[in-house]
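Notes for the structure review
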Amino acid sequence: MRLIFLGAPGAGKGTIASAIGTERGLPQVSTGDLFREAVKNGTELGLRVKGIMERGELVPDELTVALVRERLGRPDTAKGYILDGFPRTIPQAEALAAFQRIDGAINFRCGDEVVVRRLSGRRICRSCGAIYHVENMPPRREGVCDRCGGELYIRDDYRLESIRNRLRVYREQTEPLIGWYRGRGLLHDIDSEQTVEKSLEQLRPLLAGLRS
Ligand code: AP5
Ligand code: MG
Ligand code: ZN
């Protein structure tokens, strides 16, 4: 099954992609994670995207599409995948449609206020990437990953002005994709303002009904 997770920053795409990906054996392909990995390793790509990400702007389409094309060429995606945070522009969606047939695009509906609250409490494991929230999903020991014992950190693009910019960029460049996928009969909305379990309860029957 080939899925796209659409939604504002902080809507919960990464959290749900990780949970449902584990349940269904689908790899989670997050362009944000791939770019952060490149920045951490100091690669040429990483050097190009570091400032762009800190400001909350979008990485140019050519670079992003090339990265995804390479990633989807690897054998673990042969039976399907979850694209988390890609596509984010109409040209990216068009480029993807030219080489992949998608089974569904899930739209994580979530208002700005909830998003800001979620992002301000988010913590991520430096070793395995697990996502926590200081109030909603706290780790058993503060600052330490339940899964692997790794150190939890706050992402660089969490600063209020960067979040505001990411939300503006989302409205201008990514939100039009909702209509784009709806027009192709591929869009499915979920209410992402409630708990993680509630999102999963909406998603499971929805995925069971998708042809793939
Ligand atoms: P990316 O990493 O994709 O960031 P984003 O889309 O802004 O989304 P986030 O990862 O911040 O939020 P999320 O929806 O995954 O929420 P999460 O599950 O973490 O992109 C980063 C940057 O990379 C971009 O700004 C851009 O520069 C670049 N980039 C990436 N893709 C690109 C592309 N295609 N084109 C161009 N540039 C690109 O949840 C947030 C918090 O809420 C967590 O703490 C979590 O524990 C908590 N939470 C989640 N769900 C719930 C719930 N249901 N109830 C309670 N708490 C919850
Ligand atoms: Mg994410
Ligand atoms: Zn961990």
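In what follows, the accompanying structure is described.

Coordination of the zinc ion (ligand 3) by the protein involves Cys125 (SG), Cys128 (SG), Cys145 (SG) and Cys148 (SG), with metal-donor separations of 2.3 to 2.4 Å. Between the donor residues of the zinc ion (ligand 3), the gaps in sequence give the motif C-x2-C-x16-C-x2-C. Judged by relative accessible area, which is 3%, Cys145 ranks as buried. Judged by its relative accessible area of 41%, Cys148 falls in the partly exposed class.

Turning our attention to the sheet that holds strand β4 (residues 104-109). In space, the five strands of this open sheet follow the order β2-β3-β1-β4-β8, with parallel pairing throughout. The sheet is open, and its two edges are formed by β2 (28-30) and β8 (187-191), each paired on a single side. The mean angle between the axes of side-by-side strands here comes to 25 degrees, regardless of whether they run parallel or antiparallel. Two elements, strand β1 (residues 2-7) and β4, share five bridges in a ladder whose sense is parallel.

Next up on the list: the site of ligand 1. Around ligand 1, 35 residues are found, and the nearest of them are Thr15, Glu57, Arg88, Arg122 and Arg166. One of the side-chain N or O atoms of Arg88 is found 2.5 Å from an oxygen atom in ligand 1. Asn136 has a polar side-chain atom sitting 2.9 Å from a nitrogen atom of ligand 1. Contact with the protein chains hides 97% of the accessible area of ligand 1, taken as 1,000 Å² for the molecule alone. Counting residues per element, the ones that place at least two in the shell around ligand 1 are α1 (13-24), α2 (31-41), α6 (112-121) and β6 (131-133).

Conventions adopted
- Residues numbered from 1 in each chain as written.
- Chains lettered and ligands numbered in written order.
- Predicted model: local features only at pLDDT ≥ 70, side-chain atom pairs only at ≥ 80, totals over all residues.
- Heavy atoms only, no water.
- Donors = N, O, S within 2.8 Å, 3.2 Å for Na, K, Ca; no water.
- Buried < 20%, exposed > 50% of the residue type's maximum accessible area, 1.4 Å probe, protein only.
- Pairing = 2+ DSSP bridges.
- Helix = DSSP H or I, 4+ residues; strand = E, 2+ residues; numbered from the N terminus.
- Axes fitted to C-alpha atoms, helices over the stretch in contact; angles between N-to-C directions.
- Near = heavy atom within 4 Å.
- Polar contact = N/O pair within 3.5 Å; in protein donor to acceptor, adjacent residues only side chain to side chain.
- Areas by Shrake-Rupley, 256 points an atom, 1.4 Å probe, with all protein chains shown as cover.

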